[in-house]
Each structure stands twice: as C-alpha cells, then as structure tokens.
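Observations on the model geometry
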Amino acid sequence: MLSANLSSGPQIEDPSISPWLDRKVGELVAEDFRRAHVFSQFGIDFCCGGGRALIKACERAEANPEQVVAALEAVSDSGAKENELNQLPLDQLIYYIEQTHHQYVRAKAPLLLEYSEKMVRAHGEHYAEIIPFAGWVRALIGDLMPHLMKEENILFPAIRAMSQGEQVQGCFGHIGNPINVMQHEHEEAGQILQKLHELTNDFTPPEYACTTWRVCYATLVEFEADLHQHIHLENNILFPKALQLA
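Residues numbered from 1 in each chain as written. Predicted model: local features only at pLDDT ≥ 70, side-chain atom pairs only at ≥ 80, totals over all residues. Heavy atoms only, no water.

**Remarks on the confidence of the model for the protein chain**
For clarity, the cut-off: In predicted models, pLDDT denotes the confidence assigned by the predictor to each residue on a 0 to 100 scale. Secondary structure elements are defined from DSSP: runs of H or I of at least 4 residues count as helices, runs of E of at least 2 residues count as strands, and each element is numbered from the N terminus. The criterion used for residue contact is that any of the two residues' heavy atoms lie within 4.5 Å.
Scored by pLDDT, the protein chain has a mean of 86; 89% of the residues are at 70 or more. Here helix H3 (residues 34–41) stands out as the least confident element of the protein chain, with mean pLDDT 80; helix H8 (residues 130–163) is the most confident, with 95. Note on residues 1–10: pLDDT under 50 across the span, and 27 contacts to partners over four residues away in sequence or across chains. Between residues 77–82, whose pLDDT stays under 50, and residues either more than four places distant or in other chains, the model counts five contacts.

What follows is the structure in structure tokens.
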C-alpha cells in the first residue's frame, strides 16, 4: 500500500481545505467512489476506518492533508454522474452486495486456501514466514465464511423487511445489535489483513518465490481491494441507512 509520508506529521497551511478535513472518510467515499482510490494511494483506511474525520485519518496514515485534499479535488464531481450504488433502494443494494462481493469471496476463498497450502507443502520447511502466512489466510477465510452466512440469513432479511415497511421481530432485538456485531467482524478481518501485510512486505513476493507463491500474493491484493469495497458499502452506506429506518 502506498503512503505519502511526512517527517513531522501533517502540516496544514491552507485554511480553505478545512471543510474537507472535518468530513468523515466513509461519507466522502459514499458520495463518490473514485475517492476510495485516492485514499488507497495515501494509505488511508476508508472501510473500517470510515467513521474517522479526514484530518484524523491523515494523521493516522502520516499523510499530508493538503496533498490528500488536492487529490480529492482532482476527481471532483463536476460532470460526474451520481453514485448509483448510493442511490439504490436498500433491497437492491443488498442484492448487489450479495451477488458481487459475497459471491467474489466464495469464489476466491478456496483458491487462497489451495495456494497457501501448496506453499506450505513446497516451502514451509525452508522459509519461516510461510507457515504463519498460511495460518492467517485460514483465519481470514474462517472468519469471513460464517460472517457472510450471518448477513444473508439474519441481518439482510431484517433490513429488507424494514425497507418494505414490515415490522421486524428477531431474536437480536434492535437492528443495531447485529449491525454492531458485523462491524466488529469487519474490524477483525482488517486486523488479519494487516498481519498478512506485515508477514509479506505488503504482498511483495521475494525474488525466489515460485509461481504459486506469486499468484497467491496477487490474489490477496485483489481480494483485499474487493473486501475494502465490500465493507465500505456495508459500514458507510447500508448500515447507516438501516439504522435510520429503525
């Protein structure tokens, strides 16, 4: 992950950028998905960290606020169409999440397990990072698969019913309770990915890496990008709108 670093922390010289800095990162991305690419460039977490004000997110990422705002303004909304996903009814947004991101996880998870297990068999005895790496991959998939089921079988049906004006009667009480659980599990997935970053030098294969090793790291880069978008849609768009209905 790329990061714009400063030796003395964020420096703010232009007061005109303050309206940007007071906004929450998740809200900014919800307005225009292209901003997610800017935040990724500067190492700013826009999914699990979407509730932070931009100034706090810049401090956490050691990113220059003025450079971040300049990049955000470069992808200004002039002439850009309204964000379609943000405008979808909740039942259609849920359908999109399930068909796009849940299906992606189910398609890629077995491959990641297969690749990491092959790496253990071929290289586990010779390279110390391989066995813990495979363990964290198993932990990530082990967390995500039941997470998807809980969303599809409990939370999403409740949100669909609420969006259609139905009275929701579930064992979970207020809709905020399962939402809090899902957000906590999102954070846990983010923590596992951070462990994987640390073990792999940000998914950079060493020169001696075999093809499976390289493919596994490349797949994880793609997997993480999709998961960030997935979590963003839920944490910053779907869940707040569901809470408003409640």
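**What about helix H7 (residues 90–123)?**
Short version of the rule: Here the expected span of a helix is defined as 1.5 Å times the quantity of residues minus one. Bend at a residue means the angle formed by two fitted axes: the first through the 7 residues ending at that position, the second through the 7 residues beginning there.
Under the 1.5 Å per step criterion, the end-to-end length of H7 is 46 Å for 34 residues, consistent within 8% with the ideal 50 Å. Of all the bends found along H7, the most pronounced is centred on Glu98 and spans about 30°.

**Focus on the side chain of Glu98**
The criterion, for reference: Relative accessibility thresholds used throughout: buried, under 20% of the residue-type maximum; exposed, over 50%; partly exposed, between the two (1.4 Å probe, protein chains only).
Tracing the chain through its elements places Glu98 in helix H7. Under the relative-accessibility criterion, Glu98 is labelled buried at 12%. Glu98 has contacts with Gln103, Glu152, Phe156 and Arg160, leaving out every residue within four places of it along the chain.

**Remarks on the packing of aromatic side chains**
Selection criterion: Stacked, edge-to-face and tilted are the three classes for Phe, Tyr and Trp ring pairs, Trp counted by its six-membered ring, which pair at centre distances within 6.5 Å; planes under 30 degrees apart are stacked, over 60 edge-to-face, the rest tilted.
All told, the structure shown has seven aromatic pairs when counted by the stated rule. Taken together, a centroid distance of 4.5 Å and an interplanar angle of 5° make the contact between Tyr127 and Tyr208 stacked. Within this pair, whereas Tyr127 is found in the loop between H7 and H8, its partner Tyr208 is found in the loop between helix H9 (176–200) and helix H10 (211–245), the two being separated by 81 residues in sequence. Ring geometry for Trp213 versus Tyr217: centroids 6.4 Å apart, planes at 80°, classification edge-to-face. A residue pair is termed a helical-turn pair when its members lie 3 or 4 positions apart in one helix, as Trp213 and Tyr217 do in helix H10 at four residues. In this structure Trp213 comes out as buried when scored by relative accessible area, which is 0%. Exposure remark for Tyr217: the relative accessible area of 3% places this residue in the buried category. Clustering of aromatic rings is evident, with ring pairs tying together Tyr127, Phe133, Phe203, Tyr208, Trp213 and Tyr217.

**Digging into the packing of H7 against H10**
This is how it is decided: Axis lines are fitted to C-alpha atoms, over the contacting stretch for helices. Their N-to-C directions set the angle, which ranges from 0 to 180 degrees. Any angle between 65 and 115 degrees counts as roughly perpendicular, while under 35 counts as roughly parallel, over 145 as roughly antiparallel, and the rest as oblique. By convention, the crossing between two helices is left-handed when the near helix turns anticlockwise from the far helix through less than a right angle, and right-handed when the turn is clockwise. Any residue that is not Ala, Val, Leu, Ile, Met, Phe, Trp, Tyr, Cys, Pro, Asp, Glu, Lys or Arg is counted as polar, Gly included; the first ten are nonpolar and the last four charged.
Put simply, H7 and H10 touch, their axes get as near as 9 Å, and they point 150° apart. Comparing the axis directions of H7 and H10 gives the class roughly antiparallel. The handedness of the crossing between H7 and H10 is left-handed. For the contact of H7 with H10, the class distribution of residues is 22 nonpolar, eight polar and six charged.

**A few points about unusual backbone geometry**
Of note, Asp202 is a non-glycine position whose phi angle comes to about 60°, a positive value. Mapped onto the elements of the fold, Asp202 is located in the loop between H9 and H10. If you check the backbone angles, Phe203 has positive phi at about 60° while not being a glycine. Examined against the element boundaries, Phe203 turns out to sit in the loop between H9 and H10.

**Overview of the side chain of His230**
Note on placement: His230 falls in helix H10. You can call His230 buried: its relative accessible area is 2%. Apart from residues lying up to four places away in sequence, His230 is in contact with Ile97, His101, His102, Val105, Leu148 and Glu151.

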